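Structural overview for review
Each chain is listed here by its residues.
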Amino acid sequence: IVASAGGLDAFKKFFISMPADSGMAFVLIPHLDPTHESLMVELLGKLTSMPVVEVQQDLPIQVNRVYIIPPNKFLAISHGTLQLSPPSMHLGWQTSIDFFLQSLASEHGERAIGIVLSGTGSHGALGIRQIKLAGGLTMAQKPDTAECDQMPKNAIATGLIDSVLPPEQMSS
């Protein structure tokens, strides 16, 4: 699940309605300020009974958990573990958002689910294409429910979004 500006509110709405025993693992890639510590683990941990943790290197993925990327890192999924790396200069045009979505598509193919929530710019649109090409499911926040609607609108504009919903309705 990816977001930028306005993402915290969208994440909150998503997790308030998500059952704690969905059988899925949730990886959150908010576009974070690289120079500040994130409080997202604490804030979201109050809204769900699922464990909410900041990703550490080689962390095995478990169902019914929420994983959050730390600031100033890129995140990939490989062989069932989460792999952190520093932002790469040769990927300067690519954000941690698209980098992770592409990794998810490569690792999980048709079992991948990519969700684009509130944010500015076109972050997520490239990764959504990769998930759809791999046969996965794609969702975007209904733009009029987003604090910043550019990311969902750009994801929808790809023509590859399966569902457009408010975050609180995505669990159904």
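These notes cover the structure that comes with them. Because the structure is a prediction, the values reported are computed rather than measured. (Residues numbered from 1 in each chain as written. Predicted model: local features only at pLDDT ≥ 70, side-chain atom pairs only at ≥ 80, totals over all residues. Heavy atoms only, no water.)

1. Some details on the sheet that holds strand E4 (residues 59–60)
Here we have 3 strands laid out as an open sheet, ordered E4-E7-E6, and antiparallel in their pairing. Two strands bound the open sheet, and with one partner strand each, they are E4 and strand E6 (74–78). Here E6 runs beside strand E7 (residues 81–85); their pairing, made up of 5 bridges, is antiparallel. Among the inter-strand pairings, Ile77 is bridged to a residue of E7, identified as Leu82. Sheet contacts for helix H3 (residues 96–108): E6 and E7; angle to E6, the most-contacted strand, approximately 0 degrees. (Pairing = 2+ DSSP bridges. Helix = DSSP H or I, 4+ residues; strand = E, 2+ residues; numbered from the N terminus. Contact = heavy atoms within 4.5 Å. Axes fitted to C-alpha atoms, helices over the stretch in contact; angles between N-to-C directions.)

2. A short note on unusual backbone geometry
In this model, Asn72 sits at a positive phi of 60 degrees, which is unusual for a non-glycine residue. One can find Asn72 in the loop between strand E5 (65–68) and E6. In the Ramachandran plot, His79 falls in the positive-phi region, its phi being about 50 degrees despite a non-glycine side chain. For His79, the location among the structural elements is in the loop between E6 and E7. Looking at His79, the relative accessible area reads 74%, which means it is exposed. (Buried < 20%, exposed > 50% of the residue type's maximum accessible area, 1.4 Å probe, protein only.)

3. Here's the deal with the nonpolar core
In this structure, Val2, Val27, Ile29, Leu75, Leu82 and Phe100 are the most contacted members of the largest nonpolar core, which totals 23 residues. Of all the secondary-structure elements, those providing two or more residues to this core are strand E2 (25–30), E6, E7, H3, helix H4 (125–133) and helix H5 (150–157). The dominant element in this core, judged by the number of residues it contributes, is H3, at 5 residues. Contact partners of Val27, with chain neighbours within four places excluded, come to Ile1, Tyr67, Leu75, Leu82 and Phe100. Ranked by size, the runner-up nonpolar core spans 20 residues in total, among them Ile1, Phe11, Leu44 and Met50. (Core = buried A, V, L, I, M, F, W, Y, C linked by side-chain atoms within 4.5 Å.)

4. Details of the environment of Gln62
For Gln62, the position within the fold is in the loop between E4 and E5. For Gln62, a relative accessible area of 39% puts it in the partly exposed group. For the pair Gln62 and Gly80, spaced 18 residues apart in the sequence, the C-alpha separation amounts to 8.7 Å. Apart from the residues lying within four places of it in its own chain, the contact partners of Gln62 are Ala25 and Tyr67. A distance of 2.8 Å separates the side chain of Gln62 from the side chain of Arg65, its partner in a polar contact. (Polar contact = N/O pair within 3.5 Å; in protein donor to acceptor, adjacent residues only side chain to side chain.)

5. Here's the deal with H4
Residues of H4 that are buried: Ala125, Gly127, Ile128 and Ile131. Looking straight down H4, one finds that the buried residues subtend no more than 155 degrees of arc, so they occupy a single side. Looking at the buried residues of H4, the elements they touch are H3, strand E8 (113–116), strand E9 (137–141) and H5. (Arc of directions from axis to C-beta.)

6. Focus on the packing of aromatic side chains
Counted by the stated rule, this structure contains 4 aromatic pairs. For the ring pair Phe14 and Phe15, a centre distance of 5.0 Å and an interplane angle of 80 degrees mean the geometry is edge-to-face. The interplanar angle of 80 degrees and the centroid separation of 5.4 Å between the aromatic rings of Phe15 and Phe26 together place this pair among those described as edge-to-face. With Phe15 in helix H1 (residues 7–17) and Phe26 in strand E2, this pair connects stretches of sequence that are 11 residues apart. (Phe/Tyr/Trp six-rings, centres within 6.5 Å; stacked < 30°, edge-to-face > 60°.)

7. Quick look at the layout of surface pockets
By volume, the largest pocket is sized at about 570 Å³. Looking at the lining of the largest pocket residue by residue, the classes come out as 18 nonpolar, 6 polar and 1 charged. (1 Å grid on protein atoms, 1.4 Å probe; cavity = no way out; pocket = protein on both sides within 12 Å on 5 of 7 lines; lining within 4 Å. Points joined across faces, edges and corners; volume = space filled by probe spheres on them. Nonpolar A, V, L, I, M, F, W, Y, C, P; charged D, E, K, R; others polar.)

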